[in-house]
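Descriptive structure summary
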Amino acid sequence: MTTKIPGHWQMPLISAFALISLLLPQPCAEAKKALNKCEPNPCQLNTEKAAEILEIGRNFLKENDYARAEEKLKQLLPSKDPDLLMDLAACSYKRGDYAEALRLCQEAQKSNSPARHYSSSMISLGVANCLYKEKLYKDAAASFQGALSELKKSDPGMVAELALEGLGACHMRNKDLEQAEAAFLEAAKLSRTLFGKEDINYAWVLYKLCDIYRANNKIEKASAYFDKAVWIFRETNYKRLLKEQENCDKKALRSMVFGRGDQDKYRFADKDLIQESKYLSITTNDVKLPECAWANQFRQVEAPGWVWSDPNVTPKA
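If you're wondering where the values come from, they're calculated on a predicted model, not measured in any experiment. (Residues numbered from 1 in each chain as written. Predicted model: local features only at pLDDT ≥ 70, side-chain atom pairs only at ≥ 80, totals over all residues. Heavy atoms only, no water.)

Packing of helix α5 (residues 82–94) against helix α6 (residues 98–110) brings their axes to within 8 Å, and their N-to-C directions diverge by 165°. The pairing of α5 with α6 is recorded here as roughly antiparallel in orientation. In this structure, α5 crosses over α6, and the sense of that crossing is left-handed. In contact with Pro82, Leu85, Met86, Leu88, Ala89, Ser92 and Tyr93 of α5, α6 contributes Tyr98, Glu100, Ala101, Leu104, Cys105, Glu107 and Ala108. Here the residues of the contact of α5 with α6 are counted per class, giving 11 nonpolar, one polar and two charged. (Axes fitted to C-alpha atoms, helices over the stretch in contact; angles between N-to-C directions. Helix = DSSP H or I, 4+ residues; strand = E, 2+ residues; numbered from the N terminus. Parallel < 35°, antiparallel > 145°, perpendicular 65-115°, else oblique. Left-handed = near helix turned anticlockwise from the far one by under 90°. Contact = heavy atoms within 4.5 Å. Nonpolar A, V, L, I, M, F, W, Y, C, P; charged D, E, K, R; others polar.)

Once that is clear, we can look at the pattern of salt bridges. Working definition: two side chains of opposite charge can pair if their charged atoms are close together. Summed over the entire model, instances satisfying the criterion amount to 20 salt bridges. The residue Arg58 makes a salt bridge to Asp87 at a minimum N-O spacing of 2.5 Å. With Arg58 in helix α3 (residues 47–62) and Asp87 in helix α5, this pair connects stretches of sequence that are 29 residues apart. Asp87 matches Arg58 in its accessibility class, with the two residues each being buried. Look at the salt bridges and you will find they share partners, linking Glu70, Lys74, Arg95 and Asp97 into a network. (Salt bridge = Lys/Arg side-chain N within 4 Å of Asp/Glu carboxyl O. Buried < 20%, exposed > 50% of the residue type's maximum accessible area, 1.4 Å probe, protein only.)

On to the side chain of Ser191, then. Mapped onto the elements, Ser191 comes out in helix α10 (residues 177–195). Setting aside its immediate chain neighbours within four residues, Ser191 contacts Glu161, Gly196, Asn201, Tyr202 and Val205.

This next bit is on the packing of aromatic side chains. Applying the stated criterion across every chain, the model contains eight aromatic pairs. Pairing Tyr93 with Tyr98 gives two aromatic rings, centres 5.2 Å apart and planes at 70°, and the pair type is edge-to-face. Considering the side-chain rings of Tyr207 and Phe233, the 5.8 Å spacing of their centres and the 75° angle between planes classify their relative orientation as edge-to-face. Of the two residues, Tyr207 is situated in helix α11 (residues 200–215) and Phe233 in helix α12 (residues 219–244); the sequence distance between them amounts to 26 residues. With a relative accessible area of 30%, Tyr207 lands in the partly exposed category. Aromatic ring contacts, followed pair by pair, group Trp204, Tyr207, Phe226 and Phe233 into a single cluster. Sitting above the plane of the Tyr238 ring, Arg254 keeps its charged end 4.7 Å from the centroid. (Phe/Tyr/Trp six-rings, centres within 6.5 Å; stacked < 30°, edge-to-face > 60°. Lys NZ or Arg CZ within 6 Å of the ring centre and 35° of its normal.)

Here it is in structure tokens:
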């Protein structure tokens with residue numbers, strides 16, 4: 001925040017400051033060097049010290065302690081290292097300061113230094129996420145598309161899927177339902193291959209896709225994908241309950257979780273999605289992102305409905 005000085009005060013103040021600076025004794029070159037030694041720039045920290053700070057900060061990130069990570073990593077500023085900038089951007093993003101996160105991601109994008117943990121596609125993905133949070137959906141869509149265009153064979157397929165989902169969400173916000181459908185359909189194909197046709201991540205993408213089909217008045221497809229998504233959600237709950245209740249009546253438990261929904265017509269309702277995504281051939285089939293601050297929260301592990309039963313009571317419905 002800047003304080004505006006009234007016009008009639010400006011010249012006398014400036015003149016006074018200029019006069020004081022002229023009257024004060026000026027340090028010689030040797031004195032300047034001594035001052036620099038007393039007040040080191042964080043960028044000039046020796047490699048061993050910088051590495052120590054970086055390791056401590058990244059350990060905090062692994063523990064999801066973003067506040068302490070940010071406090072530690074800021075000691076290395078004003079570095080232009082793209083990894084550091086992206087890690088700090090993740091901290092800002094986590095505490096809801098999307099404007100600062102965007103600024104840091106864009107700084108990382110401009111950096112001439114090579115990144116170790118973030119590909120150019122991942123950095124664009126960070127920019128896009130920040131723009132989306134700032135409700136700049138047109139710009140976010142362009143950045144998500146940029147992330148797809150920058151994909152390299154070394155990028156995990158998960159990067160492509162996240163970019164496709166983000167792109168689809170932007171198109172939804174911009175009321176471009178046809179483009180949204182195309183993006184989420186590609187994301188569903190990719191997710192089915194990466195995670196498997198009965199994985200919870202795939203179910204969440206199907207769940208979003210069926211909403212778009214419904215909005216596009218494609219009710220039959222919407223219903224089919226909804227049925228498959230719900231089947232996976234129920235299967236996820238069933239498997240969890242099996243682990244919690246090792247001695248239960250499996251048939252009765254499955255009947256309780258599924259009701260009438262445990263049928264092949266629901267389990268294989270997505271059979272038209274067996275085609276591989278075009279992004280599979282230009283990425284790896286890895287579902288994990290490189291170890292970085294942005295990788296912690298991406299994967300869904302729970303169904304939207306939590307089913308519970310008392311192991312001491314025989315299920316009746």
